[in-house]
Amino acid sequence: MLEHVPAWLGVVLRGVRAGASKLTIVDPVLGQFDSLELSSLAFADGQRLPERFTADGAGVSPPLHWRGVPENATTLVLVVEDPDAPSPQPLVHAIVWGLPAQDGQLAEGAIAPDGDGDDEHGDVGRNSYLREGWLPPDPPNGHGEHRYAFQLFALSIGPDVDHSPGRSAVVEAMAGRVLAAGILTGTYSRGEPADIGPVGAAAPA
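Not measured: the values here are computed from a predicted model. (Residues numbered from 1 in each chain as written. Predicted model: local features only at pLDDT ≥ 70, side-chain atom pairs only at ≥ 80, totals over all residues. Heavy atoms only, no water.)

### Observations concerning the overall build of the protein chain
1) Next: A count of helical and extended segments in the protein chain gives two helices and ten strands.
2) Next: The secondary structure elements of the protein chain, listed N-terminal to C-terminal, are α-β-β-β-β-β-β-β-β-β-α-β.
3) Next: Across the 205 residues that make up the protein chain, the buried fraction comes to 48%.
4) Next: Considering only intrachain contacts with a sequence separation of at least 6, the fraction spanning at least 24 residues in the protein chain is 79%.
5) Next: Surface exposure of the protein chain reaches about 9500 Å², of which carbon and sulfur atoms provide 53%. (Helix = DSSP H or I, 4+ residues; strand = E, 2+ residues; numbered from the N terminus. Buried < 20%, exposed > 50% of the residue type's maximum accessible area, 1.4 Å probe, protein only. Contact = heavy atoms within 4.5 Å. Areas by Shrake-Rupley, 256 points an atom, 1.4 Å probe, with all protein chains shown as cover.)

### Things to note about the side chain of Arg48
1) Next: Mapped onto the secondary structure, Arg48 falls in strand S3 (residues 47-48).
2) Next: In terms of polar contacts, Arg48 uses its side chain to reach the side chain of Ser189, at 3.2 Å. (Polar contact = N/O pair within 3.5 Å; in protein donor to acceptor, adjacent residues only side chain to side chain.)

### What to know about the nonpolar core
1) Next: Residues Trp66, Leu78, Leu99, Ile111, Phe150 and Leu152 are the most contacted members of the largest nonpolar core, which totals 27 residues.
2) Next: Elements represented by at least two residues in this core include exactly strand S4 (64-67), strand S5 (75-82), strand S6 (91-99), strand S9 (146-155) and strand S10 (178-188).
3) Next: In terms of residue count, the dominant contributor to this core is S9 (four residues).
4) Next: With 17 residues, the next largest nonpolar core counts Leu30, Val92, Leu155 and Ala181 among its residues. (Core = buried A, V, L, I, M, F, W, Y, C linked by side-chain atoms within 4.5 Å.)

### Brief notes about helix H2 (residues 167-174)
1) Next: For H2, the complete set of buried residues consists of Val170, Val171, Ala173 and Met174. Buried residues of H2, seen end-on, are gathered within an arc of 165° and therefore sit on one face of the element. Every exposed residue of H2 that faces more than 90 degrees away from the buried side is listed here: Ser168 and Glu172.
2) Next: Buried residues along H2 sit against S5, S6, S9 and S10. (Arc of directions from axis to C-beta.)

### Some remarks on the packing of aromatic side chains
1) Next: Under the definition given, this model contains two aromatic pairs.
2) Next: Ring geometry for Phe43 against Phe150: centres 5.7 Å apart, planes inclined by 45°, an arrangement best described as tilted. Of the two residues, Phe43 sits in the loop between strand S2 (37-39) and S3 while Phe150 sits in strand S9, which places them 107 residues apart along the sequence.
3) Next: Pairing Trp134 with Phe150 gives two aromatic rings, centres 5.9 Å apart and planes at 20°, and the pair type is stacked. Of this pair, Trp134 sits in the loop between strand S8 (123-124) and S9 while Phe150 sits in strand S9, and the two are 16 residues apart along the sequence. For the pair Trp134 and Phe150, one class covers both residues: buried. (Phe/Tyr/Trp six-rings, centres within 6.5 Å; stacked < 30°, edge-to-face > 60°.)

In structure tokens:
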């Protein structure tokens with residue numbers, strides 16, 4: 001959708017961004033927590049997302065791998081946000097609630113509409129367009145580089161959420177329960193030169 005925004009307007013809005021201080025992982029209601037490792041075979045941390053995972057390509061979600069989940073965790077939650085969106089809050093690109101509390105992975109294209117979800121794959125929630133699934137990166141032309149923050153949270157026992165949850169319900173349910181979290185950042189932009197970065201880390205053994 002935003003590929004149709006004229007470049008001149010993107011340039012005008014270049015300084016209008018939600019801000020990294022509003023990402024879920026820095027929300028004070030989550031409390032203090034340890035770190036876990038989150039990586040992708042498709043891109044390295046801080047590097048450009050391959051077009052395949054954006055609105056300029058197939059628009060599928062990238063593969064993810066994680067390790068370091070605490071033994072006492074009961075569930076995992078993934079939240080993907082764009083803090084560089086020209087909006088008051090980061091744009092939510094994906095939510096997955098209820099992933100198994102163990103080292104694991106999501107395959108390419110796994111973040112897709114799934115109704116009520118299941119215990120093995122979790123429940124895909126609603127993005128900022130109020131739709132289930134992966135919202136492919138679609139930054140305005142000329143707006144500069146956008147960062148896409150993949151944030152994985154390991155939670156202790158606590159309240160569940162309704163099916164296909166949105167961001168506010170997820171943050172409320174996670175408050176004070178986060179044992180460990182990890183973040184992986186990919187970038188994407190339109191209308192300016194950009195190099196594809198190195199491929200991501202090797203899959204965990």
